[in-house]
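Coordinates in review
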Amino acid sequence: RHLGIGIGGMRARGGVLAALAVLAALAALAVESARAAAEECFACPDGATATRRCPASFAHCACDADLERDERREACVTPCVGPEFECPANSRRRSGRRCFDSFADCRCRKGFRKDRNRGLCECKFECPERSIALTSADKCPTSLNDCECLPGLELDERAGACVPVRFNKIRN
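Let me begin by describing the structure that accompanies this report. (Residues numbered from 1 in each chain as written. Predicted model: local features only at pLDDT ≥ 70, side-chain atom pairs only at ≥ 80, totals over all residues. Heavy atoms only, no water.)

**Here we look at the pattern of salt bridges**
A full pass over the atoms with the stated rule returns 8 salt bridges. Across the pair Arg98 and Glu68 runs a salt bridge whose closest N-O atoms are separated by 3.2 Å. Taken together, the residues Arg98 in the loop between β5 (91–93) and β6 (106–108) and Glu68 in strand β3 (residues 68–70) connect sequence positions 30 residues apart. The partly exposed category is assigned to Arg98, whose relative accessible area is 26%. The residue Asp105 makes a salt bridge to Arg97 at a minimum N-O spacing of 2.4 Å. Among the residues examined, Asp105 registers a relative accessible area of 6% and is labelled buried. Judged by relative accessible area, which is 36%, Arg97 ranks as partly exposed. Through salt bridges with shared partners, a single network forms among Asp115, Arg118 and Glu122. (Salt bridge = Lys/Arg side-chain N within 4 Å of Asp/Glu carboxyl O. Helix = DSSP H or I, 4+ residues; strand = E, 2+ residues; numbered from the N terminus. Buried < 20%, exposed > 50% of the residue type's maximum accessible area, 1.4 Å probe, protein only.)

Right, dumping it as structure tokens:
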């Protein structure tokens, strides 16, 4: 006997400790199990509410009344309103857009730039006055090499302009 505790008392105390250890292990397992279960639930996107306690996919989410489902992106989005906007000539629809309702949803083809005021795609490079572009109507000239001065004019490359032909030029 040490400190007034007999062998029988030590067994009782050891049994309680063992039981406490088992309870602690079970509690840790329950916490880990709950954490794992939470990780397996699908997180419904903004603007949606789960239709079951632990949704497995977007199919188990309901979008708010003012939103509509976008199955491809698994999102609740603002519905498109009005007729679809037609992009002007020399442009195409921007990728990644769902609704096409303004010129902002269009992208000009290569060689063209947006004129936001007029809602058109125009050539970035323009041939000088009194010249014509040697490119097709659907392709923009990209340099002076794509331009030809009208008859009686010649290109002054330094000025970037078509000027009257000088017949009395001194040739070297």
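**Focus on the packing of aromatic side chains**
Inspection of the entire model under this criterion finds 0 aromatic pairs. Directly above the aromatic system of Phe100 lies the positively charged group of Arg93, at a separation of 4.2 Å from the ring centroid. Note that Lys114 overlies the ring of Phe103, its terminal NZ or CZ placed 4.7 Å from the centroid. (Phe/Tyr/Trp six-rings, centres within 6.5 Å; stacked < 30°, edge-to-face > 60°. Lys NZ or Arg CZ within 6 Å of the ring centre and 35° of its normal.)

**Details of the nonpolar core**
Core analysis: the largest hydrophobic core is formed by 7 residues, namely Cys87, Phe103, Cys106, Cys108, Phe112, Cys121 and Cys140. Look past the residues within four positions of Cys140 in its chain and what remains in contact with it is Gly111, Phe112, Cys123 and Thr135. (Core = buried A, V, L, I, M, F, W, Y, C linked by side-chain atoms within 4.5 Å. Contact = heavy atoms within 4.5 Å.)

**Thoughts on the side chain of Ser131**
With respect to the element layout, Ser131 can be found in strand β9 (residues 131–133). Within polar-contact distance, the side chain of Ser131 engages the backbone oxygen of Pro128 at 2.5 Å. (Polar contact = N/O pair within 3.5 Å; in protein donor to acceptor, adjacent residues only side chain to side chain.)

**Concerning the state of the cysteines**
Tallying each qualifying case throughout the model produces 9 disulfides. In this model Cys127 forms its disulfide with Cys147; the gap between the sulfur atoms is 1.9 Å. Looking along the S-S bond of the Cys127-Cys147 disulfide, the torsion reads about -85°, which is the left-handed sense. Placement of Cys127 in the loop between β8 (120–123) and β9 and of Cys147 in strand β10 (residues 147–149) is noted, with a sequence separation of 20 residues between them. You'll find Cys127 and Cys147 in the same group, each marked buried. Shown here is the disulfide that connects Cys149 with Cys162, its sulfur atoms set 2.1 Å apart. Every disulfide takes its handedness from the sign of the S-S torsion; for Cys149 and Cys162 that torsion is -80°, giving left-handed. You can see Cys149 sitting in strand β10 and its partner Cys162 sitting in strand β12 (residues 161–164), a full 13 residues away along the chain. (Disulfide = S-S within 2.5 Å.)

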